[in-house]
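Each chain, written out:
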Amino acid sequence: MAKELTRDSYLSKHVGDFPSEVTIGTKRYVKVDDLRYGTNPHQAACYYKPANEACAIGDMQILKNGKSGLSQTNLEDISYALNIVKFFDDTACAVMKHVNPSGAAVGLPGESVKSVYLKARDADARAAFGSVIAFNTEVDAETAREIMSTFAECVVAPSYAPGVLDIFNDGETYKLNKHIRIIRCGAISSLPRFVGDAGPEHNTMKVLADGSLVVAQPLLTSLHGVGDLVPAEAENKRCGFQKSAVEATEQQKRDLVAAWYINLSVRSNGVVIVKDGQTLSVGTGEQDRVGAIEQAIAKFGQKYSGSGVLRDAVMSSDGFFPFEDGVETAARAGITAIIAPSGSLRDADVIKRANELGVALYYAPERIFSHH
């Protein structure tokens, strides 16, 4: 008979029988720790790091540990959250649930860490309950108090200001967050960002149902910044040559780049809607592209609790638009600038329709599907 699942099951450590080190190919990995559990409480798990290498995640320091430590789900959310904030030189925050961002934000000039966190959280405050929160900068006291006002699983950042750990350890005042885990990550700058940055040590591994392995280069991008944005152009027999005739504003261009970077850590089909450095909504996991856009627009209406509006927001799409309906759906909601890769037989039709709708359309340098 299966053991009954209780509240304590989620807080108890399920230790398996894993070796202290493993070798895959010619690379040696050493065990960092046994995890609280794997994806679910009945699954044992541990994690390894490459031997004799500095790692942003493998070398994390647990400054405050919740009961029984980290789970696999915590680690995966930490990884994907850092994979977002690594792209930004300005203050950035990602709030992760189920290896997708419920919200993310990058600071505008002079914006506080707390404000950036609130923008990331309030993109979908309901989903942010029980999330993993990552920063690319030091966490200060006012941000810590705001985090402790709602339930969170983990906070990960490169550093914490003096006195901040006292706030995170104040279980009497913040009873809901008694088990919050506070982590100092290794150097975020060691994480590869752009195509060409990664060596074979960053290859990813996917285990299939029969134990077979897929080894692949990591998902990175060739889009280094606003200067790489290219207006869409294409030609076909129906429409002839078409080029995007609408130009995004400078802030929209920055938002397009941010939306693209965030979308790298969204499960496909993925779309990300951004305005003024804040995700207004994320559409993820839909089997059709229009469905992902419709999902994101609906989520904005149902779950967004910030002050932003869809009018003149921007959107990234991780794959091309096979028909004009994706751009039409976004435009009806008020979105006026889009970045997506090319590759459709109807690219020229899509560009023509975007021009008719007053939507700036830019081509990304690659497709960024993520089947995580």
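Placed above this text is the structure.
Residues numbered from 1 in each chain as written. Predicted model: local features only at pLDDT ≥ 70, side-chain atom pairs only at ≥ 80, totals over all residues. Heavy atoms only, no water.

Looking at the packing of aromatic side chains
Which entries qualify depends on this criterion: A pair of aromatic rings is counted whenever rings of Phe, Tyr or Trp (Trp by its six-membered ring) have centres within 6.5 Å, and the orientation is called stacked for planes under 30 degrees apart, edge-to-face for over 60 and tilted otherwise.
In this structure the tally under the stated criterion is eight aromatic pairs. Among the aromatic side chains, those forming a connected cluster through ring pairs are Phe 87, Phe 88, Phe 194 and Tyr 261.

Comments concerning the packing of helix H7 (residues 289-303) against helix H8 (residues 325-332)
Stated formally: Simply put, an axis is a line fit to the C-alpha atoms, just over the touching stretch for a helix, and the angle between two N-to-C directions goes from 0 to 180 degrees. Secondary structure elements follow DSSP: runs of H or I of four or more residues count as helices, runs of E of two or more count as strands, with numbering from the N terminus. Working rule for angles: under 35 degrees goes down as roughly parallel, over 145 as roughly antiparallel, 65 to 115 as roughly perpendicular, anything else as oblique. By definition, residues are in contact when any of their heavy atoms lie within 4.5 Å. Under this grouping Gly is polar, as are all residues other than the nonpolar Ala, Val, Leu, Ile, Met, Phe, Trp, Tyr, Cys and Pro and the charged Asp, Glu, Lys and Arg.
Packing of H7 against H8 leaves a shortest axis separation of 9 Å and a crossing angle of 10°. By the angle between their axes, H7 is roughly parallel relative to H8. Between H7 and H8, the residues in contact are Val 290, Ile 293, Glu 294 and Ile 297 and Asp 325, Gly 326, Thr 329 and Ala 330, respectively. When the residues that make up the contact of H7 with H8 are grouped by side-chain class, the tally is four nonpolar, two polar and two charged.

Remarks on the environment of Val 314
Here Val 314 lies in strand E17 (residues 314-317). Through-space distance from the C-alpha of Val 314 to that of Lys 253 is 8.5 Å; in sequence the pair is 61 residues apart. Sequence-distant contacts of Val 314, that is, excluding residues within four places in its chain, are made with Gln 252, Asp 255, Leu 256, Val 272, Ile 273, Val 274, Ile 335 and Ala 337.

Let's talk about the packing of H8 against helix H9 (residues 347-357)
So the rule is basically this: Take the far helix as your reference; a near helix turned counterclockwise from it by less than a right angle gives a left-handed crossing, and one turned clockwise gives a right-handed crossing.
Packing of H8 against H9 leaves a shortest axis separation of 9 Å and a crossing angle of 20°. Considering the angle they form, H8 stands roughly parallel to H9. For the pair H8 and H9, the crossing hand works out as right-handed. Taking contact as the criterion, the partners of Val 327, Glu 328 and Ala 331 in H8 are, on H9, Val 350, Arg 353, Ala 354 and Leu 357. Taken together, the residues of the contact of H8 with H9 sort by class into five nonpolar, no polar and two charged.

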